[in-house]
Amino acid sequence: MKNETPLDTSAASDQLTTFEAARMLGLAVRSVQLMVDRNELQAWKTPGGHRRISRQSVEQCLRARAGEETQAADPAVQGTVRSAVASAQPPHAVKTAVAGAMHVLLIEDSIHFQNLVSLLVTQHFPQWQLHIANDGITGLAMYGQIQPDILIVDILLPGIDGGTLITTLRSHPQFAKSQLIVVTSLDEAQRAPYAFALQGVNVIYKPRLVAELPALLAQSLEARQSSVREE
């Protein structure tokens, strides 16, 4: 592991197991392992081969996340996001699609991307109802209550990751009625551990969210309408 250094001699309280780091961050263990792979957390291995993670790097991650959420709530930042959304020219199919009262469930822990998806849905599909869950466990419960027409899922989620969530939902018959879109900050190589869940699924890389989500929502609407006509 390129980010793993020889065993540190600092106090045990400064060292966390992967499970402890995952609990502090509210993420799945696999998500923390990926963060180590991406050099987002400092880690090393003990002589026995057990991974240890720097508590300081975990706390820095938590502070950065809190700062991102505070910034995303700033009216000036929200204004910038609205400008970016407004300047994006949606495809003709999005402009002319018949947007009935669709229910969309977004499972995403970032306030910034919650706001961005909300703005995109409001702009392009004002009649739709958007529901938001901040973590995978809540998302599963809300899915059962809402049974949405469209499900938008992030991969790295607190509680359970998006891959596990998708696999769990696929075991329920009603999931076949929902159109699935995955959004993620992971590039194609980093998504490899989730290939079991992403096969045949529309995946949007988050930096391209504004450009790609409206068109995929329009496609999902058409697919949902076609399935309803066939029932």
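Our structure is the block above this text.
All figures in this text were calculated on a predicted structure; none of them were measured in a lab.

Enquirer: Residues and numbers for the overall build of the chain, please.
Expert: The helix and strand tally for the chain stands at 10 helices and 9 strands. Within the chain, residue pairs in contact and separated by at least 24 positions form 71% of the contacts whose partners lie at least 6 positions apart.

Enquirer: Lay out unusual backbone geometry in plain terms, naming residues and giving numbers.
Expert: Of note, the phi angle at Gln 147 is positive, near 45°, even though the residue is not glycine. Counting through the fold element by element, Gln 147 comes out in the loop between helix 7 (136–146) and strand 7 (150–154). Residue classification places Gln 147 among the partly exposed positions, given a relative accessible area of 46%.

Enquirer: Now, about helix 8 (residues 162–169): what can you tell me, with residues and values included?
Expert: What helix 8 keeps buried is the set Gly 162, Gly 163, Leu 165, Ile 166 and Leu 169. Burial along helix 8 is one-sided: seen end-on, the buried residues are contained in an arc of 160°. In this structure, the buried residues of helix 8 make contact with strand 5 (103–107), helix 7, strand 7, strand 8 (179–184) and helix 9 (195–198). Two or three places before Gly 163, at the opening of helix 8, Asp 161 has a side-chain oxygen 3.1 Å from that residue's backbone nitrogen.

Enquirer: Lay out the pattern of salt bridges in plain terms, naming residues and giving numbers.
Expert: For the structure on display, the rule yields 3 salt bridges. Linking Lys 206 and Glu 108 is a salt bridge whose minimum nitrogen-to-oxygen distance equals 2.9 Å. With Lys 206 in the loop between strand 9 (202–205) and helix 10 (209–230) and Glu 108 in the loop between strand 5 and helix 6 (111–124), this pair connects stretches of sequence that are 98 residues apart. Like Glu 108, Lys 206 is buried. For Lys 206, the salt bridge is made with Asp 154, and the minimal N-O distance between the two is 3.2 Å. Linking Lys 206 in the loop between strand 9 and helix 10 with Asp 154 in strand 7, this pair joins segments that are 52 residues apart in sequence. The class of Asp 154 is buried, set by a relative accessible area of 4%. Several salt bridges converge on common partners, so that one network encompasses Glu 108, Asp 154 and Lys 206.

Enquirer: Account for the side chain of Ser 54, naming residues and giving values.
Expert: Locating Ser 54 in the fold gives a position in strand 4 (residues 51–54). For Ser 54, a relative accessible area of 7% corresponds to the buried category.

Enquirer: Talk me through the packing of helix 1 (residues 18–25) against helix 2 (residues 29–37); I want residue IDs and the actual numbers.
Expert: With their axes 9 Å apart at the nearest point, helix 1 and helix 2 run at an angle of 100° to one another. Classified by the angle between their axes, helix 1 and helix 2 sit roughly perpendicular to one another. In this structure, helix 1 contributes Thr 18, Phe 19, Ala 21, Ala 22 and Leu 25 to the contact, and helix 2 contributes Val 29, Val 32, Gln 33 and Met 35. Here the residues of the contact of helix 1 with helix 2 are counted per class, giving 7 nonpolar, 2 polar and no charged.

Enquirer: I'd like to hear about the packing of helix 7 against helix 8, residue by residue, with values.
Expert: The relative placement of two packed helices comes down to the angle between their axes together with the axis-to-axis distance. At a minimum axis separation of 10 Å, helix 7 and helix 8 run at an interaxial angle of 25°. The pairing of helix 7 with helix 8 is recorded here as roughly parallel in orientation. Our pair here, helix 7 against helix 8, has a crossing hand that is right-handed. The residues of helix 8 that touch helix 7, namely those facing Gly 136, Leu 140 and Tyr 143, are Leu 165, Thr 168 and Leu 169. For the contact of helix 7 with helix 8, the per-class residue count stands at 4 nonpolar, 2 polar and no charged.

Enquirer: Go over the environment of Pro 193, please, and point to the residues and values.
Expert: Tracing the sequence through the fold places Pro 193 in the loop between strand 8 and helix 9. Look at Pro 193 and you get partly exposed, because its relative accessible area is 30%. Linking Pro 193 and Arg 30, residues 163 residues apart in sequence, is a C-alpha distance of 8.8 Å.

Criteria and cut-off values
Residues numbered from 1 in each chain as written. Predicted model: local features only at pLDDT ≥ 70, side-chain atom pairs only at ≥ 80, totals over all residues. Heavy atoms only, no water. Helix = DSSP H or I, 4+ residues; strand = E, 2+ residues; numbered from the N terminus. Contact = heavy atoms within 4.5 Å. Buried < 20%, exposed > 50% of the residue type's maximum accessible area, 1.4 Å probe, protein only. Arc of directions from axis to C-beta. Polar contact = N/O pair within 3.5 Å; in protein donor to acceptor, adjacent residues only side chain to side chain. Salt bridge = Lys/Arg side-chain N within 4 Å of Asp/Glu carboxyl O. Axes fitted to C-alpha atoms, helices over the stretch in contact; angles between N-to-C directions. Parallel < 35°, antiparallel > 145°, perpendicular 65-115°, else oblique. Nonpolar A, V, L, I, M, F, W, Y, C, P; charged D, E, K, R; others polar. Left-handed = near helix turned anticlockwise from the far one by under 90°.

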